[in-house]
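Below, each chain spelled out in residue letters.
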Amino acid sequence: MSSKKKTPIHLEDLTPDEKVKYEIAEELGLLDRVMQDGWKSLTSKETGRIGGLITKKKRENEKNDKSKKGTSMRNIYCGIADMRKQVFAEVAKLAYEGGDYHRVDKLPHKILPGDPGNERDSIFLERAIVAERIRLAMGHSLRSSSQQESLSDAADKTAIRERYYEPPLINIIKYACHACPDTHYEVTNACQSCLAHHCSNSCPKNAISFLHGRAEIDQSKCIKCGKCKASCSYQAIIRFERPCQEACGMDAIGKDQYGRAEIDHDKCVSCGMCLVNCPFGAIVDKGQLFQLIHAMRGGDKVIALIAPAFWGQFGEKVTPGQIVTAMKMLGFQSVEEVAVGADLCAIEEAEEFMKNVPEKQPYMATSCCPAWSVMAKKEFPGAAPYISMTMTPMVLTARLQKKRHPDCKIAFIGPCAAKKLEACRRSVRSDVDFVLTFEELRGMMEAKNIDFSQIPDTRPNYEASSPGVGFAASGGVAKAVEEVIHRLDPEREVKTVYAEGLRECRKMLRIARTGKYDGYLREGMACPGGCIAGAGTIQPPEKSRRVLEQYKASAPKGNPLESDYKDDLYLLHDHVDDWSYVGRH
C-alpha cells in the first residue's frame, strides 16, 4: 500500500498564527514529527503544551506592543513639543520681568509671527490655541469659546505667590481637537486581492466582503477583534487608533456631539498619557511656574526637590552638578534629591509589609504613584485598605525639609502630571507648595538663557541609595522594598509583582481578586516604563532608563537602610505609634 504523499510546507504561505505554532513545535523538538506525520501524531499532552505556549506568547507580544506603543514615539522632537517649550519660556520670562502685564496680549503674535498658519489653515486659530495654552500655563482654568477675557487680565489675577491647582488638571482645547475617527480596522491599498482570503475566513462575524477582489470591512458588523489583521499575509489591514483614547488606561475619553475628544473627569486620574499622545496638541495641563517665580521674586526661600527621573532630561552630557548650579541661577535656595525620600519610603513600606502581610491583610500595594493609587480606589474599592499608608517620596522629602527649614517653600520638580493634584490634597498642601514638570523647568531655563556649556561642573553630593534612585523606573519600588526586607530578615521570602500602564495595572488588580497574588507586594505605575516616561519628561524613555542605570551605579549606598536620614523618620510624623497619620490617599 503506497503511503500518502506529503504536501511541503512553505512558511511564506502560513498565517502569523500558524508560523508561531510551527516555531513552538520546533522549540519543543516536535517539528520533525509534525512535518512527517502531521499534527494529529502528537499526544494530547504535547498538543496542550503547544496551545499553552501559544497563548503565553500572544500575551507577551500584546504586552510588549502596548508598552512600545506607549513609549516608542515619546519625546521625539516635533512642533508640539517646541510650542510647549516656547509657551513655558515666555510665561516664565513674563514672571521674571514683572511690571505691566499688558504685553502678554502680544505673546501669541510673538510665538507665531507672520501671516500664513504654520500647521493649521488659519493663523488666527493657531494664535487662539496658543493664547489658551498661555492661560493654562499661568494656572487659569480653560475657557469656553464663548467666554471673553484678555490674557493681560488673566495675568493680573494669577500674578500672585501662591495658587493651588483647580480641577480639572487635564484639559482639552476643543477647537484644537481634530475629532479623529474612532478606533477601527481598515483595509489599505496594500491589499493584493489574494485568493486565500485569510482575512475573511478568520472573521467570526462575516464582516469582510470583496469588491473586484479587494477586501472591504463592514464596520457595522466588525467587533474589532483584530483577527483579520493578524491573518493577512501582506499586513494590508491596519488598526486605526484614536491616539488619546488608546493612551488612556482608564477609558476616560469619549467624544462630544461634534466628534471632539471629551474627558470623563469622574474616571480620569490625571496621569497625562492622553496629553503626550495627542498628535494635534489639543490636550493641555495647568501650570504653577508663574506663581513659583513670583514667590522667588517676592523673597520666599524656595527649596527645589528634584525627582530621580531627572537624569538625562536636559541632555546626556549635562551633569547633576551643572543642573544644581543652573537651578540656583533660576532663584532656588537649594536643590535636594527626592531619592532620599524614596529611601525612607522603602524603609517604611518594608516595615509595614513585614508587620501586616499576611497576618493582618492578604497583600500590600505600593503608594508612590498617585494615579495608580487613585485608580485602585476608584475601580477596586476592596483593595483600598491594602494600599500602603506610607507617604510618597515627594511628601517625605518635603516634610523633611520643612522640619529643617520651617520658613521655606517647597517646589517639587518631576516627570509627573498627577503629582500636581497630589500636592493639592488637604493633607499635603502644607508640605508641598509648588509642583512643576521637567518641561516647565526647561521653560524657566530658556527664559533665563541658561547655557549648560558655560556652567562649570561641580561634584554633586549623592545621598540616596541605588534602590532609592531606582524608584524612577517600573519595578524599582518593589525592588527597593524587597532589598530592605532582605536586609532586615534574610530568611523571609518576598514575592513581588508589578504592572506599568493603567490598563495593565487594572488587569493585575482583576487577577488579584482571585487570590493569585495573596502574600505579594504589588507595585503599580500609571506610565508605561515608570516615572522616566511621565507626562512631563523631555527625553525618550529608553534613553532615560539607560542614563538612570548609570546614576544608580554611581550611588554611594547599596541599600535604603544605609540612609543618613532614617533616624529622622520619627520627626516626619505627628503620632509615631499611629499608622493612620500617614494616610495620603
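Notes on the structure follow. Counting of residues starts from 1 at the beginning of each chain's written sequence and follows it residue by residue. At least 70 in pLDDT is required for a residue's local features to be given in this predicted model, at least 80 for side-chain atom pairs to be given and counted, and no such filter applies to totals for whole chains, interfaces and linings, which use all residues. Working from all heavy atoms in the structure, the side-chain values ignore hydrogens and water.

### What about unusual backbone geometry?
This is how it is decided: Secondary structure elements follow DSSP: runs of H or I of four or more residues count as helices, runs of E of two or more count as strands, with numbering from the N terminus. Only protein chains enter the area calculation, which uses a 1.4 Å probe; residues under 20% of their type maximum are buried, those over 50% are exposed, and those in between are partly exposed.
Residue proline 168 is reached from proline 167 by a cis peptide bond, and omega for that bond is 5°. Counting through the fold element by element, proline 168 comes out in the loop between helix H7 (151-158) and strand E1 (170-172). The phi dihedral of alanine 179 falls on the positive side, at around 55°, and the residue is not glycine. Here alanine 179 lies in the loop between E1 and strand E2 (184-187). We classify alanine 179 as partly exposed; its relative accessible area is 29%. The phi dihedral of serine 270 falls on the positive side, at around 60°, and the residue is not glycine. Along the chain, the position of serine 270 falls in the loop between strand E7 (261-263) and helix H11 (273-277). By relative accessible area, serine 270 is classed as buried at 5%.

### With respect to the packing of helix H4 (residues 79-97) against helix H6 (residues 123-137)
The condition that has to hold: Axis definition: a line fitted to C-alpha atoms, limited for helices to the stretch in contact. Angles are taken between N-to-C directions and run from 0 to 180 degrees. Each angle gets one of four labels, with under 35 degrees taken as roughly parallel, over 145 as roughly antiparallel, 65 to 115 as roughly perpendicular, and the rest as oblique. By the definition used in this description, the sense in which the near helix is turned from the far one sets the handedness, with an anticlockwise turn below a right angle giving left-handed and a clockwise turn giving right-handed. Only heavy atoms enter the contact rule, under which two residues are in contact if any of them lie within 4.5 Å. When residues are grouped by polarity, Ala, Val, Leu, Ile, Met, Phe, Trp, Tyr, Cys and Pro land in nonpolar, Asp, Glu, Lys and Arg in charged, and all others, Gly among them, in polar.
Close contact between H4 and H6 brings their axes to 10 Å; oriented N to C, the two are set at 55°. Judged by the angle between their axes, H4 and H6 are oblique. The element H4 and its partner H6 pack so that their crossing is right-handed. Residue-level contacts link Ile80, Met83, Arg84, Val87, Phe88 and Val91 of H4 to Val130, Arg133, Ile134 and Ala137 of H6. Each residue belonging to the contact of H4 with H6 can be placed in one class, and the counts come to 8 nonpolar, no polar and 2 charged.

### Some remarks on the packing of aromatic side chains
Convention followed: Only the six-membered ring of Trp is used, alongside the rings of Phe and Tyr, when aromatic pairs are assigned; centres must lie within 6.5 Å, and planes under 30 degrees apart are stacked while those over 60 apart are edge-to-face, with the rest tilted.
Counted according to the given criterion, the structure contains 10 aromatic pairs. Where tyrosine 22 meets tryptophan 39, the ring centres are 5.2 Å apart and the plane angle is 65°; that geometry is what we call edge-to-face. Linking tyrosine 22 in helix H1 (residues 16-27) with tryptophan 39 in the loop between helix H2 (31-37) and helix H3 (44-71), this pair joins segments that are 17 residues apart in sequence. With 5.1 Å between their ring centres and 70° between their planes, tyrosine 363 and tyrosine 386 make a pair best called edge-to-face.

### Structural notes on the side chain of threonine 183
Which entries qualify depends on this criterion: Pairs of N or O atoms within 3.5 Å make up the polar contacts considered here, provided that, within protein, one atom can donate a hydrogen while the other can accept it, and that residues adjacent in sequence are counted only when both atoms are side-chain atoms.
Within the secondary structure, threonine 183 sits in the loop between E1 and E2. There is a polar contact of 3.2 Å between the side chain of threonine 183 and the backbone nitrogen of arginine 242. A polar side-chain atom of threonine 183 sits 2.9 Å from a polar atom in the side chain of glutamate 246. Setting aside residues no more than four positions away along its own chain, threonine 183 makes contact with Lys224, Arg239, Phe240, Glu241, Arg242, Gln245 and Glu246.

### Considering the sheet that holds strand E14 (residues 495-500)
Just so we agree on the cut-off: Here, strands pair whenever DSSP counts at least two bridges between them.
In spatial order, the strands read E11-E15-E14; together these 3 strands make up an open sheet with parallel pairing. Of all strands in the sheet, those bounded by a partner on one side alone are strand E11 (364-365) and E14. Relative to strand E15 (residues 520-525), E14 runs parallel, the two sharing 6 bridges. Paired with alanine 499 across the strands is glycine 524, a residue of E15.

### Quick word on the sheet that holds strand E13 (residues 434-437)
Pairing is parallel in the open sheet, where 4 strands are placed in the order E10-E9-E12-E13. Two strands in the sheet have a free side with no partner beyond their single neighbour: strand E10 (334-337) and E13. Here the average twist between neighbouring strands, direction ignored, is 25°. Strand direction decides the pairing type here: strand E9 (residues 302-306) and E10, joined by 4 bridges, are parallel. If you follow isoleucine 306 over to E10, its bridge partner there is glutamate 337. Against the sheet, helix H14 (residues 338-356) engages E9, E10 and strand E12 (409-414), with an angle of about 35° to E10. Packing against the sheet, helix H16 (residues 393-404) makes contact with E9, E10, E12 and E13, and its axis sits at approximately 150° to E9.

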